[in-house]
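# Structural description and commentary
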Amino acid sequence: MIRTPQLPAPSFAALALVLLGTWLVIYLGHPMGLILGGFCFLTGVGLLLLQGFLRFGSEARVKSDLELENLSLKDLSRKEDHLRQGILANLQEGVVLLDSRKEVRLYNPAAQSLLSTSSRLTMGGSVTGVFREPETLRNIEMAYTGKESEWTLRRDPRALRLRAIPFESMDGSQSVLLTLDDITRQEALETTRQKFISNASHELKTPVTSIRIAAENLLDGGFVAPDGENNLKAIFRSVDRMTMLLNDISELSRIETGALRLEALPIQLGVFVPQLVEELRHQAEPRRITLNAELEPSLEPMVIKADALRLHQLLENLLSNAIKFSPEGSEVMLRIQNQSPWLLWTVQDSGPGIAESDAKRIFERFYRAPSTRGVPGTGLGLAIVKHLALLMGGEVGLRSELGKGSTFTLKLPLQG
Ligand code: ADP
């Protein structure tokens, strides 16, 4: 707030006193007149001087107040600039402001990095120097006529969601604010979700169709043995397959959405490994497959910390695959080695092996190598294995040669 100067008695009073003093001296000529005149003259001059001094003082004060005010305004504007730049620099969303001449007036680092090096943003640069895509230029043009729009711009490898917002500048001219969002990951997730739904419904169709055919046969009078029995068996097989599929789907979804929480508890390897092998023997025996385990002697007494249920599930998936795909009478071997800081689990079989082209894809959901399509399964087991291993801080690997068997490896941290 600027303070207005407070002046003393009006200056004409002082001037009147000076004039009165001069008149008394000149016209009265009397010694009293001289004294009175001199007194008036001196008082008048004194008042004038005092007024001048006070005015000078207050002007100087006003000037310094103005300077102070100016400084604090500059300081405020500097702080606001700093704040605005800070906000813009930390936004993940890209922001570009185009002025009425369609030139870049402002942009943030996110905008530059999202547009990558294919478009260099410069202050004062023209919009056509930044965007070449006809749809983008059209939408920006539309924003200058007051119409807001949103669209996807693809700049390999990115997909960007752009929004052009009409924006009136302080001088009343029309500007356009562009916002840029990276939706590459979002799009990939959406594609995966759609693929997942389409694969799951495709997989469910087979058992549902089998159930329908079997039920129709029963309805047509086939419920007299042996047809009736065969149809009922087909229904049970399909229901089992659907149950297996639905279990795997819900398990995978629990893992992927983060709903699955692992509980790391002490596991003594010398107890855990023989129990696991024993439980899986009933799968191996009908096909005369020998299931063996080799636990490094130093690991026998070792106690690791892991989620026993999930570790069991993970190894069961690898071992039952090995049993399922191996020829009758062959051997499946589980080895556990200390490769500090890792515990290395290896499942080796002498089954059909996996071609290089399939090896790249078998950890994907629903992927099944064409050569093994006849063997029952959901194509979800290895996807679950991969996710569980990652959740446990480890990883899975595969070495395989077509016709010579496969070796799956699982590396888990020794200190779970
Ligand atoms: P599923 O076994 O239910 O088909 P998985 O996800 O467990 O699904 O395995 C995916 C595919 O990987 C299998 O269909 C098979 O083609 C291949 N596969 C997995 N384990 C082996 C193995 N030990 N030997 C040969 N192929 C295997």
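Here the structure is a predicted model, which means the values were calculated and not measured.

## Some thoughts on the site of the ligand
- The ligand sits among 19 residues. The nearest are N321, R368, T372, T378 and L382.
- Taking G381, its main chain carries an N or O atom lying 3.2 Å from an oxygen atom of the ligand.
- One of the backbone nitrogen or oxygen atoms of L382 is found 2.8 Å away from an oxygen atom of the ligand.
- In this structure, the ligand is accommodated by the largest pocket.
- Of all the secondary-structure elements, those providing two or more residues to the shell around the ligand are helix 9 (308-325), helix 11 (381-391) and strand 12 (406-413).

## Observations regarding helix 8 (residues 269-284)
- Taking 1.5 Å per residue as the helical rise, helix 8 with its 16 residues ought to reach 22 Å, and the 22 Å between its terminal C-alpha atoms agrees with that figure.
- For helix 8, every residue scored as buried is listed here: L269, F272, V273, L276, V277, L280 and A284.
- On its buried side, helix 8 packs onto strand 6 (265-268), strand 7 (290-295), strand 8 (303-306), helix 9, strand 9 (331-339) and strand 10 (342-348).

## Structural notes on the nonpolar core
- Counting 52 residues, the largest nonpolar core has L311, L334 and W345 as its most contacted members.
- Taken domain by domain, this core gets at least three of its residues from each of domain 3 (194-256) and domain 4 (265-413).
- Of all hydrophobic cores here, the second largest spans 21 residues; its members include V96, V130, W151 and L153.

## Topic: the domain arrangement of the protein
- Domain assignment breaks the protein into domain 1 (12-88), domain 2 (91-182), domain 3 (194-256) and domain 4 (265-413).
- A straight line from the C-alpha centre of domain 3 to that of domain 4 covers 27 Å.
- For the domain 3 and domain 4 pair, buried surface summed over both sides reaches about 1,200 Å², with 66% attributable to carbon and sulfur atoms.
- Where domain 3 packs against domain 4, one counts one salt bridge.
- Among the elements that take part in the side of domain 3 that touches domain 4, helix 7 (residues 227-256) stands out by supplying 10 residues, more than any other.
- Of the residues belonging to the side of domain 3 that touches domain 4, the class tally is seven nonpolar, one polar and six charged.

## Some remarks on the confidence of the model for the protein
- Considering every residue of the protein, the mean pLDDT works out to 87; 94% of them sit at 70 or more.
- Between residues 1-8, whose pLDDT stays under 50, and residues either more than four places distant or in other chains, the model counts 11 contacts.

## Some points on the layout of surface pockets
- The calculated volume of the largest pocket comes to roughly 760 Å³.
- Every residue lining the largest pocket is counted, 35 residues in all, and those nearest its centre are N317, N321, K324, F325 and G381.
- In terms of residues, the lining of the largest pocket owes the most to one element, helix 9, which gives eight residues.
- Among the residues making up the lining of the largest pocket, the classes are represented as 14 nonpolar, 15 polar and six charged.
- Here the lining of the largest pocket spans two domains, and each of domain 3 (194-256) and domain 4 (265-413) adds at least three residues to it.

## A look at the sheet that holds strand 11 (residues 395-400)
- Reading across from one edge, 7-9-10-12-11 is the order of the five strands in this open sheet, with mixed pairing throughout. Sheet topology places strand 7 and strand 11 at the edges, where each strand pairs with a single neighbour. Mean inter-strand twist for the sheet, computed between neighbouring axes without regard to direction, equals 15°.
- Of the pairings in the sheet, the one linking strand 9 to strand 10 comprises seven bridges and is antiparallel in character. When the bridges of strand 10 are listed, Q339 appears paired with W342.
- Against the sheet, helix 8 touches strand 7, strand 9 and strand 10, its axis set at about 170° to strand 7.
- Along the sheet, helix 11 contacts strand 11 and strand 12; its crossing angle with strand 11, the most-contacted strand, is approximately 135°.

## Brief notes about the packing of helix 8 against helix 9
- Packing of helix 8 against helix 9 brings their axes to within 10 Å, and their N-to-C directions diverge by 40°. By the angle between their axes, helix 8 is oblique relative to helix 9. In this structure, helix 8 meets helix 9 at a crossing whose hand is right-handed. Contact with helix 8, carried on its side by F272, L276, E279, L280, Q283 and A284, involves A308, L311, H312, L315, E316, L319, S320 and I323 of helix 9 and no other residues of that element.
- Residues belonging to the contact of helix 8 with helix 9 are distributed by class as follows: nine nonpolar, three polar and two charged.

## Here we look at unusual backbone geometry
- With an omega of 5°, the peptide bond between D156 and P157 qualifies as cis.
- Of note, P157 is situated in the loop between strand 3 (149-155) and strand 4 (158-168).
- Residue S340 is joined to P341 through a cis peptide bond whose omega torsion reads 10°.
- Turning to its location among the elements, P341 is positioned in the loop between strand 9 and strand 10.
- Of note in the backbone geometry, K102 takes a positive phi value of approximately 60° without being a glycine.
- Mapped onto the secondary structure, K102 falls in the loop between strand 1 (94-98) and strand 2 (104-107).
- Residue F366 is not a glycine yet carries a positive backbone phi of 70°.
- Mapping F366 onto the fold places it in the loop between helix 10 (356-359) and helix 11.
- Overall, the relative accessible area of 9% leaves F366 in the buried class.

Cut-offs and rules
Residues numbered from 1 in each chain as written. Predicted model: local features only at pLDDT ≥ 70, side-chain atom pairs only at ≥ 80, totals over all residues. Heavy atoms only, no water. Near = heavy atom within 4 Å. Polar contact = N/O pair within 3.5 Å; in protein donor to acceptor, adjacent residues only side chain to side chain. 1 Å grid on protein atoms, 1.4 Å probe; cavity = no way out; pocket = protein on both sides within 12 Å on 5 of 7 lines; lining within 4 Å. Sits in = over half its atoms within 2 Å of the grid points. Helix = DSSP H or I, 4+ residues; strand = E, 2+ residues; numbered from the N terminus. Expected span 1.5 Å × (residues − 1). Buried < 20%, exposed > 50% of the residue type's maximum accessible area, 1.4 Å probe, protein only. Contact = heavy atoms within 4.5 Å. Core = buried A, V, L, I, M, F, W, Y, C linked by side-chain atoms within 4.5 Å. Domains from an automatic or database assignment. Buried area = accessible area lost by both parts, 1.4 Å probe. Salt bridge = Lys/Arg side-chain N within 4 Å of Asp/Glu carboxyl O. Nonpolar A, V, L, I, M, F, W, Y, C, P; charged D, E, K, R; others polar. pLDDT = per-residue confidence, 0-100. Points joined across faces, edges and corners; volume = space filled by probe spheres on them. Pairing = 2+ DSSP bridges. Axes fitted to C-alpha atoms, helices over the stretch in contact; angles between N-to-C directions. Parallel < 35°, antiparallel > 145°, perpendicular 65-115°, else oblique. Left-handed = near helix turned anticlockwise from the far one by under 90°.

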